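# Secondary and tertiary structure notes
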Amino acid sequence: MEPSKQISLTGRRSQKRRLKSASDNYRGYMATDHNAGERGAESGKLRRWKLLRGRTLLWVHVVPIMLPTAVCNGHLHHHHQKQNNLLKSGICKKNGITKGMKKNGVSNGTLYKKTFIEHFEQAPMYVAVLTFLGFGVGTVFGYLRDFMRAWGLEKRNIATEREEQKDFVPLYQDFENFYTRNLYMRIRDNWNRPICSVPGPQFDLMERVTDDYNWTFRFTGRTIKNVINMGSYNYLGFAETDVNALKTVTIELQKYGTGVCSTRQEMGTLDKHVEIEKLVAKFLGVEDAMVFGMGFATNSMNIPALVGKGCLILSDELNHTSLVLGARLSGATIRIFKHNNMQSLENLLRDAIIYGQPRSHRAWRKIIILVEGIYSMEGSIVRLPEIVSLKKKYKAYLYLDEAHSIGAVGATGRGVVEYFGMSPDDVDVLMGTFTKSFGAAGGYLAGKKLVDFLRTHSHSAVYATSMCPAVAEQIIRAMKCLMGLDGTTQGLQRVRQLGRNTRYFRRRLHEMGFIIYGNDDSPVVPLLLYMPGKIGAFARRMLEKNIGVVVVGFPATPITESRARFCVSAAHTREMLDTVLNALDELGDFLRLKYSRYSKSSHPELYEETSHELED
Amino acid sequence: MAATGMGQQWVLVEMVQAFYEAPAYHLILEGILILWIIRLLFSKTYKLQERSDLTPKEKEELIEEWQPEPLVSPVPKDHPALNYNVVSGPPTHIISVNGKECINFASFNFLGLLDNEKVKSAAQASLKKYGVGTCGPRGFYGTFDVHLELEERLAKFMRTEEAIIYSYGFATIASAIPAYSKRGDIVFVDEAACFAIQKGLQASRSNIKLFKHNDMADLERLLKEQETEDQKNPRKARVTRRFIVVEGLYMNTGDVCPLPELIKLKYKYKVRIFLEESLSFGVLGEHGRGITEHFGINIDDIDLISANMENSLASIGGFCCGRSFIIDHQRLSGQGYCFSASLPPLLAAAAIEALNIMEDNPDIFQTLRAKCERIHKALQGISGLKVVGESFSPALHLQLEKSCGSREDDVKLLRRVVDYCMNSGIALTQACYLEKEEKCLPPPSIRVVITVEQTEQELDKAASLLKEAAQSVLN
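Source: prediction; values computed, not measured. (Residues numbered from 1 in each chain as written. Chains lettered and ligands numbered in written order. Predicted model: local features only at pLDDT ≥ 70, side-chain atom pairs only at ≥ 80, totals over all residues. Heavy atoms only, no water.)

## Some remarks on the sheet that holds strand 4 (residues 218-229) of chain A
Residues and elements named next belong to chain A. Here we have three strands laid out as an open sheet, ordered 3-4-14, and mixed in their pairing. Each edge of the open sheet carries a strand with a single partner, namely strand 3 (202-209) and strand 14 (547-548). Taken together, the two bridges between strand 4 and strand 14 define a ladder with parallel strand orientation. The residue bridging Asn229 from the neighbouring strand is Gly548, located in strand 14. (Pairing = 2+ DSSP bridges. Helix = DSSP H or I, 4+ residues; strand = E, 2+ residues; numbered from the N terminus.)

## Considerations on the UniProt feature "transmembrane region" (unreviewed entry) in chain A
When the UniProt feature table is mapped onto this chain, "transmembrane region" (unreviewed entry) is found at residues 123-144 of chain A. Between the end C-alpha atoms of residues 123-144 of chain A there is a gap of 31 Å, over a span that is 91% helix and 0% strand. (UniProt positions renumbered as here; feature names shortened; annotations may be inferred.)

## A word on the sheet that holds strand 5 (residues 288-292) of chain A
All names here are of chain A. Spatially, 5-11-10-9-8-6-7 is the arrangement adopted by the seven strands of the open sheet, whose pairing is mixed. Where the open sheet ends on each side, the last strands, each with one partner, are strand 5 and strand 7 (333-337). Across the sheet, the axes of successive neighbouring strands diverge by a mean angle of 20 degrees, strand direction being ignored. Sheet analysis places strand 10 (residues 429-433) next to strand 11 (residues 443-447), joined by four bridges and oriented antiparallel. In the strand pairing of strand 11, Met431 is matched with Leu445. Along the sheet face, helix 10 (residues 321-330) touches strand 6 (312-316), strand 7, strand 8 (367-372) and strand 9 (397-401) and points at about 160 degrees away from the line of strand 8. (Axes fitted to C-alpha atoms, helices over the stretch in contact; angles between N-to-C directions. Contact = heavy atoms within 4.5 Å.)

## Some points on the pairing of strand 8 (residues 272-276) of chain B
Here is the key point about a regular strand: its side chains alternate between the two faces of the sheet. Residue and element names in this part refer to chain B. Counting buried positions along strand 8 gives five out of five residues, so the element sits mostly inside the fold. Burial along strand 8 is two-sided: the face carrying Arg272, Phe274 and Glu276 and the face carrying Ile273 and Leu275 are both buried. Sheet analysis places strand 7 (residues 242-247) next to strand 8, joined by five bridges and oriented parallel. Counterpart to Glu247 in the pairing with strand 8 is Glu276. With respect to chirality, the unit in which strand 7 leads through helix 12 (residues 259-269) into the neighbouring parallel strand 8 is right-handed. Pairing geometry for strand 8 and strand 9 (residues 304-308), over three bridges, is parallel. The residue of strand 9 that forms the bridge with Leu275 is Ile305. (Buried < 20%, exposed > 50% of the residue type's maximum accessible area, 1.4 Å probe, protein only. Right-handed = clockwise from strand over helix to strand, strands pointing away.)

## Notes on the nonpolar core
Across soluble globular proteins, nonpolar side chains have a tendency to be buried as a group. Ranked by size, the top nonpolar core spans 248 residues in total, and within it Phe505 and Phe538 of chain A carry the most contacts. Ranked by residues supplied to this core, first place goes to helix 17 (residues 345-360) of chain B with 11 residues. Once residues lying within four places of it in the same chain are set aside, the contact partners of Phe505 of chain A are Met230, Val525, Phe566, Val568, Leu577, Val580, Leu581 and Leu584 of chain A. Counting residues in hydrophobic clusters, the runner-up holds 44 residues, among them Leu171 and Ala464 of chain A together with Ala174 and Cys194 of chain B. (Core = buried A, V, L, I, M, F, W, Y, C linked by side-chain atoms within 4.5 Å.)

Listed below in structure tokens is the structure:
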């Protein structure tokens, strides 16, 4: 995370004021800003913030509600800055977003229609020190044990090369697996836990034990029943076994069987595929869509069809592996911009257009921006309105991966495009997966004047087996439910329930004093653990309390930012969430995980206000 | 200088003397002049910087000027790939293509398991218990007991230590190769290798050496070349991994790789072998274990076998199998394994049931082989078309004996043959390729797929129909 911070406040009081002063933008802006400053000075709470501001602590960015008719923003920003060039530039960067917009002449006031709040609080210094210390200790012991294994003092559990091939070039370099062998192995039991039921709000885990410190596992034959599932991406609760809900899936499975045994271009386009593609296009409000059998491959096998040599890909630094792989396979030049940082993106865009391709200085053939809707490890939501205005200004194309956001955000579950109240036509390539919200498998690409090309040029259409028809039916039924085509409002209720659950869960965690990342509306909730030792302790103790959580560490996250990740589902009941929250509260004290210095008690206004705004 | 001798020395002495005698202002002036000359020598006569820096206005103009290419080029509506066949209902033995009922000679449903009742009921039971999706990758609660069972069953079936499943056939070998082979490593690959292998190699960023299709002499030449290269730089050679990547039964040509010779080369040059068996798994060998069983080779001699479950097993997904030492590595390094949602349990359950059927009816492979041989024989001697592929290959290619000059025309011609057959109730397709993406584009062909469900009459009918079609279209 950047060593920059910006604290922007939108108070309920100021909001009223904003409404009043919206007629005169400039004055309104100044006035509110000024007032906010005054209010900040008056407020004892804020004074406490100021005491802390010397240290880089918190970055909360609130992009305020803008009135649709107003020409400019009547928002207020209150910056706590450090007298430091680096930080100043950091703030400029953040601030440049709004400034840039104004300059671009797109400030029609509709950029953000709702509050956009994201938290990336930085932990105290001692946490970072202890984290490195933890890795240091782990590494030292790793070397010690490697040494002992080499001298035969410790049993070698690792699988070894065949005798016949001992003189081949080693398949793995010893150092490559150091981390796996010595650190990951110690806490390996927290991943790949096998389950033996539907991955709904609760699941059953197969109990497994290890006799050799996680080198091998042995199943006891018992199951751990009704573990609360905080790990699966079952946002809308469509991973279910209800007979009525699955009726059509059962019928189609009986009719079609499981496989297709051919590719889309040869003999693998079934009527089911035609049906689902029409429905997906209708759901997204675009001209046409195409579906693929695997979400990962949707990215990795289609990006190469869209861009190639002489093209430029601008990719968010935290993009998913599938996007990275697709970009790499395409042969285009790849440049990375800072996560969700519009200034960084704009700089890259400007430089790219002005200076052209490196060495040859020819103009780029095309520039495509790759972003995700919700980032799965950060819980942040893409700044879509700003990206769209940048892409329009610089004539770039936008590829939006809605793997986690489709179904999960937006008033009717149509993803970040709807969340920001934008038109699907603003995005050139809409991509998403069916694995998460729809409880199925596969992915789609959709857009205007795009799909015909994909049908003829997609690697997946020519070489990969098409989607299983029963899986397609699951998507169709979930999507129909979301669209209300099944004659109920159940789909809408699920979306709303997810929103309520998300905000409740996030708010409570904030109050307890955990550091959690991401947008207040994102159902992906990363809770920062930092220290490597706490990864294992946290996940194991949560399992003892019958709660299944996902923990992630290096290399999936930066080395100092190990975290637990919760995925809130519409299927979670309030009781389940409370059970989890109570367990977290207890465990947070026990493991000393409550690193945040902004709990509810220290700053009530912010949370009161946000919950008020988001609930309506 | 020494050559001039005394005279030179005298001048030097004089110079030093003059230096001592000269007045101070003179020396200062000369000093300044020298400095001036140095400055002139080292300074630039013009300022490059000023010339190249763009003014903000110019920058804006450049940005204004730039016109990108359209994201995608428009595709004419009559593009053959846009007018694909639409199958209504299941793509089983009898298939309804574009509303017309045909006998299916196009889907890779070799063992006819696609509409097998047992497989379906296994999938139904799984659907009832687990629902459809897994809602997570294997690491994050996406591992189901069914997956573990399928992996165990596949390993047992193939008689290897371990197996690992992927949720997409294409992603299997495409993820497996880059898990082992990295930048700087060397991969020897058959030029007829399928697209999934090509993509895997591209993702690995390794040094790729193509050898002629099934030409062991060419492969050995490359290996020898590498050997001499290695002797030049033994330190680098010690850490450069080498692989041979081949297919058991080639998707693009329908013939088998000479595995026994490859094994000899493997031990001679210390190269590992990765084998892609999507077509041969569940087809070749007495028990359908693939090319290793076909040649009677110890499966441990192959470092990694990869196959998809989308052909013989009539499910979705793929798997890799081999020794634990090798396979286990993919659980953290196989990108398509780690970062993708796991296989829907109902598809895994279907695959398990399909394996059961394969184990219970080993004659099925004999039946398939007999049928392949029958049609292979029947297709010989069609004027204008030649049969490419082994007699026992369940997917063989019919290529034009003589190209009419351009690939486009050939494709059109073959399309007419296919349409002719389709009108008479035999569903066939051309083998589709992305012409610009393939490393070595195979010539256009009609792919004939043989399954156990086709009766002898149907096989003969297809063969005679193809003969008829060729007669009417090509002559």
